[in-house]
Amino acid sequence: MGVGMKILVTGGAGFIGSAVIRHVLQDTDCHIVNIDKLTYAATLTSLASVADYPRYRFEKADIGDGAAVARILTEHQPDAVMHLAAETHVDRSIDGPATFIATNVVGTFTLLEQVLGYWRGLPEDRRAAFRFHHVSTDEVYGSLGPNDGAFTEQTAYAPRSPYSASKAAADHLAAAWHHTYGLPVIVSNCSNNYGPYQFPEKLIPLIILKGQCGKPMPVYGTGEHRRDWLHVEDHARALYAILTKGRVGERYNVGGGNERSNIEVVRALCTILDELRPRPDGRPHAQAITFVADRPGHDLRYAIDAGKTMRELGWTPKFGFATGLADTVQWYLDHAEWWRPLIYRGDRLGLGA
Ligand code: NAD
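This section reports on the structure supplied with the text. Note that the structure is a prediction, hence the values are computed from the model and not measured.

### Observations regarding the overall build of the protein chain
Working step 1: When helices and strands are counted, the protein chain shows twelve helices and twelve strands.
Working step 2: On C-alpha atoms alone, the protein chain measures out to a radius of gyration of 20 Å, which is about the 20 Å that the 2.2 N^0.38 rule sets for 353 residues.
Working step 3: Each principal axis of the C-alpha atoms in the protein chain carries an extent, and together these give about 65 × 45 × 40 Å.
Working step 4: Residues classed as buried in the protein chain amount to 55% of the 353 residues present.

See below:
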């Protein structure tokens, strides 16, 4: 992968995509073209620190619009694609799976078709150096029992929610475009991300904002579901390492080695809030925890073995979970101007007045 290459990022106005773009523009000399449809989950303000870089371009487009994608590829001539655009919230996939199929499956198919046509027209040296990095989740591997070993790159896919099924379908399409057409594809599967600029429907920002607004903190079931957590900036560095140093046709697992039950995470957040933003009535934030009816088909446990990515690419997470969580709480407390406009997007959050 060449110095100063141009990377087309899809979904760059989202949580992870914006972290990738900030990292690449601030820490490398690469150019970025960001394609984003700007759904409810998008926040261009997450890119305010880099939006004026001459190496950055934004294109508002749907990855499912083949003509628009073809035009953008021809005009910008990227050297690589990092594909993050997706519908990502499991609860929304249960209530309305159609957009998940449209974007995650059909949108990925359309993108692959357009990128394949573009790639075939490149001169040989650029075709050899080109990469299509498909960014996915550990949820495609299904649910682990309490004593099962962590997911490896060899674990068979067993998705169980409409979200994870749509991502699994997209992963299979990306792999098929490599095996059948020779497109230089790399796939990565990562565990739950947390950190600044995450849309407040996801567990960690939701609990922080509920605590800060003095509202009940909803926890599914008894909070026994277990996830591995990785700071989004560690994921962004892993993704760049996978793109630039990963082997074509391979899959790379990414995770933080921080397996926790949801209730452990929520209690840790409450303790941090007690310190940083005590309740006016002096009572502990944990008193606001409210157990609610479980999500249908809720996967019990995910755990990921990121050994291959660490060994082959020399990547390691920088953030310890306790520090990363405390920094994240402080970030949300300091950045109400970022999240306040978002709490009125849809009625799902229950954070409005
Ligand atoms: P997000 O929901 O925060 O952002 C998704 C972005 O994609 C938004 O900016 C949205 O506008 C854009 N988008 C949606 N549909 C589009 C379309 N049809 N065309 C163009 N843009 C579209 O998501 P995220 O949390 O940043 O996740 C990014 C990727 O990483 C996803 O593919 C997700 O499956 C994967 N992933 C997420 C996590 C996590 O914990 N958040 C973990 C592992 C993998």
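### Digging into the sheet that holds strand E11 (residues 259-261)
Working step 1: As summarised here, the arrangement of the three strands in space is E7-E9-E11, forming an open sheet in which the pairing is mixed. Here the strands that pair on one side only, and so sit at the sheet edges, are strand E7 (192-194) and E11. Between one strand axis and the next, the sheet turns by 50° as a mean value, whatever way the strands run.
Working step 2: Across three bridges, strand E9 (residues 226-231) lies against E11 in antiparallel orientation. Looking at the pairing, Arg 227 lines up with Arg 260 of E11.

### A closer look at the pattern of salt bridges
Working step 1: Counted under the stated rule, the structure contains 16 salt bridges.
Working step 2: One salt bridge in this structure joins Asp 234 and Arg 237, with 2.8 Å as the shortest N-O distance. With Asp 234 and Arg 237 both in helix H8 (residues 232-245) and three residues apart, the pair spans about one turn of that helix.
Working step 3: Glu 250 is paired through a salt bridge with Lys 308; the nearest N and O atoms lie 2.6 Å apart. Taken together, the positions of Glu 250 in the loop between H8 and strand E10 (251-254) and Lys 308 in helix H10 (residues 307-313) put the pair 58 residues apart, joining distant regions of the chain.
Working step 4: Take Glu 250: its relative accessible area is 24%, and that puts it in the partly exposed class.
Working step 5: What emerges from the salt-bridge pattern is a single network uniting Arg 226, Glu 259, Glu 264 and Arg 301.

### Details of the layout of surface pockets
Working step 1: If you add up the space inside the second largest pocket, you get close to 170 Å³.
Working step 2: Elements supplying a minimum of two residues to the lining of the second largest pocket: helix H1 (15-27) and H8.
Working step 3: Looking at the lining of the second largest pocket element by element, the count peaks at five residues for H1.
Working step 4: Its residues placed into classes, the lining of the second largest pocket shows three nonpolar, two polar and six charged.

### Details of the nonpolar core
Working step 1: If you look at the biggest cluster of nonpolar residues, it comprises 33 residues, and the most contacted ones within it are Ile 204 and Leu 269.
Working step 2: For this core, the secondary-structure elements that each account for two or more residues are helix H7 (203-213), strand E8 (217-220), helix H9 (262-276), helix H11 (321-334) and helix H12 (336-339).
Working step 3: The element best represented in this core is H9, accounting for seven residues.
Working step 4: Leaving out residues up to four positions away in the same chain, Ile 204 has contacts with Tyr 194, Trp 229, Val 265, Leu 269, Leu 325 and Thr 328.

### Some words on the sheet that holds strand E5 (residues 131-137)
Working step 1: Ordered by their spatial adjacency, seven strands build an open sheet running E3-E2-E1-E4-E5-E6-E10, and the pairing between neighbours is parallel. Edge strands, defined here as strands with exactly one partner in the open sheet, are strand E3 (56-60) and E10. For this sheet the average axis-to-axis angle between neighbouring strands, irrespective of direction, equals 20°.
Working step 2: On top of the sheet, helix H2 (residues 66-76) reaches strand E1 (6-10), strand E2 (31-36) and E3; it is set at about 160° to E3, its chief contact.
Working step 3: Where helix H6 (residues 162-181) meets the sheet, its contacts fall on E5, strand E6 (185-190) and E10, and the angle it forms with E5 comes to roughly 160°.

### Points about the site of the ligand
Working step 1: Taken together, 28 residues surround the ligand, and among them Ile 16, Asp 36, Thr 88, Tyr 163 and Lys 167 come closest.
Working step 2: One of the side-chain N or O atoms of Asp 36 is found 2.6 Å from an oxygen atom in the ligand.
Working step 3: Contact distances for the ligand include 2.9 Å between an oxygen atom and a backbone N or O atom of Thr 39.
Working step 4: Here the ligand loses 96% of its free accessible area of 850 Å² to cover by the protein chains.
Working step 5: Within the residue set of the shell around the ligand, elements represented by two or more residues are H1, E5, H6 and E7.
Working step 6: Split into classes, the residues belonging to the shell around the ligand amount to 14 nonpolar, ten polar and four charged.

### Quick look at the side chain of Ser 166
Working step 1: Looking at the secondary structure, you find Ser 166 in helix H6.
Working step 2: Of the residues examined, Ser 166 reaches a relative accessible area of 1% and is grouped as buried.
Working step 3: One polar contact links the side chain of Ser 166 to the main-chain carbonyl oxygen of Tyr 163, over a distance of 2.7 Å.
Working step 4: Those residues in contact with Ser 166, other than ones at most four positions away along the chain, are Phe 100, Ile 101, Asn 104 and Val 105.

### Structural notes on H1
Working step 1: Along its 13 residues, H1 runs 18 Å from first to last C-alpha, staying within 8% of the 18 Å computed at 1.5 Å per residue.
Working step 2: Of all 13 residues making up H1, ten are buried, and the element is well covered by its neighbours.
Working step 3: When we look at burial in H1, the residues that qualify are Phe 15, Gly 17, Ser 18, Ala 19, Val 20, Ile 21, Arg 22, His 23, Val 24 and Leu 25.
Working step 4: Tucked into the core, H1 has its buried residues touching E1, E2, E3, strand E4 (80-83), E7 and H8.

### Re the side chain of His 225
Working step 1: You can see His 225 is positioned in the loop between E8 and E9.
Working step 2: Among the polar contacts made by the side chain of His 225, one reaches the side chain of Asp 294 at a distance of 3.2 Å.
Working step 3: His 225 has contacts with Tyr 220, Arg 260, Ser 261, Asn 262, Asp 294, His 298, Asp 299 and Leu 300, leaving out every residue within four places of it along the chain.

Parameters and conventions
- Residues numbered from 1 in each chain as written.
- Predicted model: local features only at pLDDT ≥ 70, side-chain atom pairs only at ≥ 80, totals over all residues.
- Heavy atoms only, no water.
- Helix = DSSP H or I, 4+ residues; strand = E, 2+ residues; numbered from the N terminus.
- Rg over C-alpha atoms; globule rule 2.2 N^0.38 Å.
- Buried < 20%, exposed > 50% of the residue type's maximum accessible area, 1.4 Å probe, protein only.
- Pairing = 2+ DSSP bridges.
- Axes fitted to C-alpha atoms, helices over the stretch in contact; angles between N-to-C directions.
- Salt bridge = Lys/Arg side-chain N within 4 Å of Asp/Glu carboxyl O.
- 1 Å grid on protein atoms, 1.4 Å probe; cavity = no way out; pocket = protein on both sides within 12 Å on 5 of 7 lines; lining within 4 Å.
- Points joined across faces, edges and corners; volume = space filled by probe spheres on them.
- Nonpolar A, V, L, I, M, F, W, Y, C, P; charged D, E, K, R; others polar.
- Core = buried A, V, L, I, M, F, W, Y, C linked by side-chain atoms within 4.5 Å.
- Contact = heavy atoms within 4.5 Å.
- Near = heavy atom within 4 Å.
- Polar contact = N/O pair within 3.5 Å; in protein donor to acceptor, adjacent residues only side chain to side chain.
- Areas by Shrake-Rupley, 256 points an atom, 1.4 Å probe, with all protein chains shown as cover.
- Expected span 1.5 Å × (residues − 1).

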